[in-house]
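Inside the fold
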Amino acid sequence: MTRSAVSLGAAVRPSSAAAPGALPRLLPLCPPRPPRPASLDSHLSRYGPPPCSAPGQRDMRTLIAEVGRAGLTGRGGARFPTADKLAAVAAGRAPAVIGNGTEGEPASAKDKVLMARSPHLVLDGAVLAAQMVGASQAVIVAHRDALDILGQAAAERRRARLDQVRVTVRAAADRFVAGQASAVVRWIEHGVPAPTAMPPRLSDRGLGGRPTLVQNVETLAHLALIARYGARWFRSVGTPAEPGSMLVTVAGAVREPCVLEIAIGTPVGQVLDLAGGPAAPLHALLLGGYCGAWVDAAQAVGRPFSAAGLAGLGAEPGAGLIVALPAGACGLAETARVVRYLADESAGQCGPCRFGLPAVASELERVAGGRPADLGLLRKWLGQVDGRGGCAHPSGAVRLVRSALRTFGTELTQHAAGSCGGTAQVLPVPSPGPR
Ligand SMILES: Cc1cc2nc3c(=O)[nH]c(=O)nc-3n(C[C@H](O)[C@H](O)[C@H](O)COP(=O)(O)O)c2cc1C
Ligand code: SF4
């Protein structure tokens, strides 16, 4: 397996997965060195048998209600209640289930780490999700870094005749928008890694025209544990409004870039400390992902890493990404680079992506390059792109740029005066490779 943008070593505290409040739940208790995936034997001895090893063993409606009581929300970024998705798809005929392990976000590694370290937990969740909605099989679309491990784990389970449902593992497309739910369906069916503009809801019509459940692989892993230990156990960490734990990728200017499992609501500064602490005085943090938001580091460190905790800063946990920008690096130059990437990575199907994002990227490059730029025009374009298009990609890019204009006011002045030295710094935001 190649290394991701951050170390695939997970910082974890030893404890029992079944004990309330104990973390990690999803990642290994004592990560082996060198890191390797949990075998089926070690998985079963840690967690016990898969939650529904025999057909008809449990009433699926009761189980969906338990997931609702747990308050599990999707860990792919949008945080939609998982029980509502399960119930909607279960109501349809001959449904399909997809585990989304695409992780198209270049700076994020949490899904790769999860699939590579705890493949059987993800597979438990995929099998269970299929059983909960009444599907006869499930597909997991996995990033290439975790593909072989997940495929081998699925084969190990087939040999052991462990599951009632067949799970197949497929390679994900290596593209930012390829992880959007309708793009995953289109990739499986037609080999095209692009969202379906203005689709019917996937819960009505997805893979092969069937009602389709698409869940992030981390969501599936939580699902497998809720079915084993219950809603009360799940809620024993996190906040009452946002219960449970979540995986977080911490990258940029920290001493030990890594993937962590935290209780939702852990203060941002504490999360940075778990990653070895800042490697330099920090200027800003990118929270949520490339379509997330920049926030002032000093304002963010005391805030809980949760939707409620970050709302006042105009940020969200999103896909669980924190990138630390050191003082002296240029936030505008970083943003211009990321927005150009987002513009290049769009599916180019809708107006905001074909014309809007490239124009926004060019204007931002002018700002970052100290060339004459029109901020009024930039803001006007952001208003025209926001909320448009067939998926949330353009709005995500707008959110990032607006947050940069809020957070990097000093740089804006310095660039206008031609006096910003930060653009010469080594770029701390992991650089997406050239296509
Ligand atoms: C541009 C874009 C890219 C996305 N990439 C991913 C991804 O790589 N992995 C993922 O799980 N969800 C991704 N999503 C979110 C999915 O559309 C979808 O909401 C998610 O897979 C649903 O699973 P969840 O409810 O378990 O979070 C992306 C969304 C957008 C708009
Ligand atoms: S908004 Fe952009 S990324 Fe989304 S479907 Fe349209 S062209 Fe594709």
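Quick look at the structure, then. If you're wondering where the values come from, they're calculated on a predicted model, not measured in any experiment. (Residues numbered from 1 in each chain as written. Chains lettered and ligands numbered in written order. Predicted model: local features only at pLDDT ≥ 70, side-chain atom pairs only at ≥ 80, totals over all residues. Heavy atoms only, no water.)

Looking at the packing of aromatic side chains
Operational definition: Each Phe, Tyr or Trp ring (for Trp, its six-membered ring) is paired with any other whose centre lies within 6.5 Å, and the angle between the two planes then decides the class: stacked below 30 degrees, edge-to-face above 60, tilted in between. To qualify as a helix, a DSSP run of H or I must reach at least 4 residues; to qualify as a strand, a run of E must reach at least 2; elements of each kind are numbered from the N terminus. Burial classes follow relative accessibility: with a 1.4 Å probe on protein chains only, a residue under 20% of its type's maximum area counts as buried, one over 50% as exposed, and anything between as partly exposed.
Applying the stated criterion across every chain, the model contains four aromatic pairs. On the numbers, 6.0 Å between centres and 90 degrees between planes, the contact of F176 with Y341 is edge-to-face. Within this pair, whereas F176 is found in the loop between β4 (166–171) and α7 (181–190), its partner Y341 is found in helix α12 (residues 331–345), the two being separated by 165 residues in sequence. For Y341, a relative accessible area of 13% gives the class buried. One aromatic cluster is present, formed by F176, Y290 and Y341 through successive ring pairs.

Side note on the side chain of T212
Where we set the bar: Distance and chemistry together define a polar contact, namely a pair of N or O atoms within 3.5 Å, with one atom able to donate a hydrogen and the other to accept it when in protein, and with adjacent residues in sequence counting only for side-chain atoms on both sides. For this analysis, residues touch if any pair of their heavy atoms sits within 4.5 Å.
Tracing the backbone through its elements, the reader meets T212 in strand β5 (residues 212–216). Among the residues examined, T212 registers a relative accessible area of 2% and is labelled buried. A polar contact is formed between the side chain of T212 and the backbone nitrogen of L207, at a distance of 2.8 Å. Apart from residues lying up to four places away in sequence, T212 is in contact with V89, A96, I98, V185, L202, S203, G206 and L207.

Regarding the pattern of salt bridges
Going by this rule: The working definition used for a salt bridge is a side-chain nitrogen of Lys or Arg within 4 Å of a carboxyl oxygen of Asp or Glu.
Taken as a whole and judged by the stated rule, the model has 14 salt bridges. Across the pair D204 and R201 runs a salt bridge whose closest N-O atoms are separated by 3.4 Å. One salt bridge connects E363 with R366, and the closest N-O pair in it is separated by 2.4 Å. Taken together, the residues span about one helical turn, with E363 and R366 both in helix α13 (residues 351–368) at a distance of three residues. Residue E363 is classed as buried on the basis of its relative accessible area of 4%. One continuous salt-bridge network, built from bridges that share partners, spans R75, K110, D111 and E218.

Here we look at the pairing of strand β3 (residues 137–142)
Put simply, the rule reads: The criterion for strand pairing is that DSSP finds at least two bridges linking the strands in question. Whether a crossover is right-handed depends on one test, that the path from the first strand over the helix to the second runs clockwise when the strands point away from the viewer.
A large share of β3 lies buried, amounting to five of its six residues. Sheet analysis places strand β2 (residues 96–101) next to β3, joined by five bridges and oriented parallel. Residue pairing in the sheet places G99 in a bridge with I140 of β3. In this region the chain leaves β3, passes through helix α6 (residues 144–159) and returns to the parallel neighbour β4; the handedness of that crossover is right-handed.

Some remarks on the packing of helix α4 (residues 110–117) against helix α8 (residues 217–234)
To be explicit about the condition: A fitted line through C-alpha atoms represents every axis, and for helices the fit uses only the stretch in contact; the resulting angles, taken between N-to-C directions, go from 0 to 180 degrees. Orientation categories follow fixed angle ranges, with anything under 35 degrees roughly parallel, anything over 145 roughly antiparallel, 65 to 115 roughly perpendicular, and all other angles oblique.
Viewed as axis vectors pointing N to C, α4 and α8 meet at an angle of 50 degrees, and their least axial separation amounts to 9 Å. As far as their axial angle goes, α8 and α4 are oblique. Together, K110, D111, L114 and M115 of α4 and V217, E218 and A221 of α8 make up the contact between the two elements.

Let's talk about the sheet that holds β4
Read across the sheet, four strands follow the order β4-β3-β2-β5 without closing on themselves; strand pairing throughout is parallel. Looking at which strands have only one partner, the edges of the open sheet turn out to be β4 and β5. Each adjacent strand pair in this sheet contributes to an overall mean axis angle of 20 degrees, direction not counted. Bridge count for β2 against β5 is five bridges, and the pairing is parallel. Along β5, the bridge assignment pairs G99 with Q215. Running over the sheet, helix α3 (residues 82–90) touches β2 and β5 and is turned about 160 degrees from β5. Against the sheet, α8 touches β2, β3 and β5, its axis set at about 90 degrees to β5.

A few points about the packing of helix α1 (residues 40–47) against α8
A packed helix pair is summarised by two numbers, namely the angle formed by the two axes and the spacing between the axes. Which entries qualify depends on this criterion: For this scheme, ten residues count as nonpolar: Ala, Val, Leu, Ile, Met, Phe, Trp, Tyr, Cys and Pro. Four count as charged, namely Asp, Glu, Lys and Arg, and the remainder, Gly too, count as polar.
One way to put it is that α1 packs onto α8 with a least axis distance of 12 Å and a crossing angle of 30 degrees. The angle between α1 and α8 places the two elements in the roughly parallel class. Contact residues: α1 offers H43, R46 and Y47, while α8 offers L225, R228 and Y229. Split into classes, the residues belonging to the contact of α1 with α8 amount to three nonpolar, one polar and two charged.

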